[in-house]
Amino acid sequence: MAFEGLTQRLQQAFGKVRGKGSLTEEDVKLVMREVRMALLEADVNYKVVKDFVKKATERCIGQETQSGLSTQQQVVKIVNEELTELMGGSNARLQYSSSPISVFMLCGLQGAGKTTMSAKLANWLKKDGKRPLLVGCDIYRPAAIKQLQVVGGQVGVPVYEHGTQDPVKTALEAVEYARQHQRDVVILDTAGRLHIDEALMEELHRICEAVHPSEILLTIDAMTGQDAVNVANTFNEKLEITGVILTKLDGTAKGGIVVAIAQELQVPVKFVGVGEQADDLMPFSAKEFVEALI
C-alpha cells in the first residue's frame, strides 16, 4: 500500500513513549525520527518533511496528556492531524455547473489510465444519480474510441463519438447531444501523449475555450512518483486543472505523490483508483487515508 512501512515504524516509535505522563523533547524526537524516515522513503519532498516534523514536534513537546488519552494516543492524534493537513485537509467535491449540463474534461499523459478512469467516473456519477455521457475526443491513439465504447458499455453509459473529426467540434456536438437526450454530465476523454507537447496543450486549450468545463481533472499514474509532479505542474500552468485523479494507488505506489500534489500544486486529489474493476474508484479523503496508515 501507499506509505508502506509507515504504520510499523510509527507503532515501534509510539511504543517507546507509552505510559509517560508528559513528553520530553527527546521522546518526541525519537518518534519524529521514524516519521521523517518513513515520509522520505515515500518520496515526500525533503523540505516538506522538514517543515512537517518541525510543526508536529512543537505541538508535542511538553504537552500534558488530554483527559481520556494516553501519551501514545496523544502523539498519534497530533501526527494524524498534521498528516491529514499535509495531504490537503478537507475533502474536495466535484464542482457542477449552474447550467443543466456539467462538462468534466479528463486529461493526462498516454498510459495513465485515462480512458478506463473516464468510465469509472461515469459509473460513480451514475450511482450518485447522475446521467453521464462519455465522449471520445482521442482521435490519435489507435482503438482509443473503441476502448471507450467497450468500457462505457461495461458500466452502462452511452458514448458519443464522431470518428477523427476535430475533437473541439466533437466536444461541442456532444454537449448538444447531451442536452437533447437529457444527459446532465458530459465526460470528455481527451488525447494524451507519451510526453507533453505544444500541439496537445493547444488542442486541450481549444476544447476548454469551446465547452468551458466545470472540472479539468488530471489523471496521474501514482506509480510514477515525483516525476508525475513535473507533468502535473505543466498541465496546471497551461490549463489550470481543478483536481487530480490518481490511478494505481492500490499497489506499491509511494504515497508521496499525494503530498506533492497537495503542497506543491495546491490542487486537490479528488479521486483515487484502487483496483481494476469498474467500482474501484473512491473519492479521496485525506483523513481516511491517514487513519488507514496509523
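Residues numbered from 1 in each chain as written. Predicted model: local features only at pLDDT ≥ 70, side-chain atom pairs only at ≥ 80, totals over all residues. Heavy atoms only, no water.

### What to know about the nonpolar core
Across soluble globular proteins, you tend to see nonpolar side chains buried next to one another.
Then, number 1: The biggest cluster of nonpolar side chains holds 70 residues, and the ones touching the most others in it are M87, L188, F235, L239, I241 and L246.
Then, number 2: Contact partners of L188, with chain neighbours within four places excluded, come to V103, F104, M105, L106, V135, C137, A171, I207 and V211.
Then, number 3: By size, the runner-up hydrophobic cluster in this structure holds 19 residues, among which are L121, V151, V157 and V185. (Core = buried A, V, L, I, M, F, W, Y, C linked by side-chain atoms within 4.5 Å. Buried < 20%, exposed > 50% of the residue type's maximum accessible area, 1.4 Å probe, protein only. Contact = heavy atoms within 4.5 Å.)

### Remarks on the pairing of strand 1 (residues 102-107)
Then, number 1: Counting buried positions along strand 1 yields six of six residues, so the element is predominantly enclosed.
Then, number 2: What you see with strand 1 is no split at all: S102, F104 and L106 on one side and V103, M105 and C107 on the other are buried throughout.
Then, number 3: As defined by bridge partners, strand 1 adjoins strand 4 (residues 185-190) across five bridges and the pair is classed as parallel. Each bridged residue has a counterpart across the sheet, and for V103 the counterpart in strand 4 is V186.
Then, number 4: In this structure, strand 1 lies alongside strand 5 (residues 215-221), joined through four bridges in parallel fashion. Following the sheet pairing, C107 is matched in strand 5 by L218. (Helix = DSSP H or I, 4+ residues; strand = E, 2+ residues; numbered from the N terminus. Pairing = 2+ DSSP bridges.)

### With respect to the side chain of R183
Then, number 1: Within the fold, R183 resides in the loop between helix 7 (167-180) and strand 4.
Then, number 2: An unpaired buried charge is present at R183: no salt bridge exists, and D184, the closest side chain of opposite charge, is 6.9 Å distant. (Lys, Arg positive; Asp, Glu negative; His and termini not counted. Salt bridge = Lys/Arg side-chain N within 4 Å of Asp/Glu carboxyl O.)

### Quick look at helix 3 (residues 46-60)
Then, number 1: The first and last C-alpha atoms of helix 3 sit 21 Å apart over 15 residues, in line with the 21 Å expected at 1.5 Å per residue.
Then, number 2: Looking at helix 3, one finds that the buried residues are V48, V49, F52, V53, A56, T57 and C60. For helix 3, the angular spread of buried residues about the axis comes to 155°, placing them on one side. Among the exposed residues of helix 3, those pointing more than 90 degrees away from its buried face are K47, K50, K54 and E58.
Then, number 3: Where helix 3 begins, the side chain of N45 points an oxygen toward the backbone nitrogen of K47, at a separation of 2.9 Å. (Expected span 1.5 Å × (residues − 1). Arc of directions from axis to C-beta. Polar contact = N/O pair within 3.5 Å; in protein donor to acceptor, adjacent residues only side chain to side chain.)

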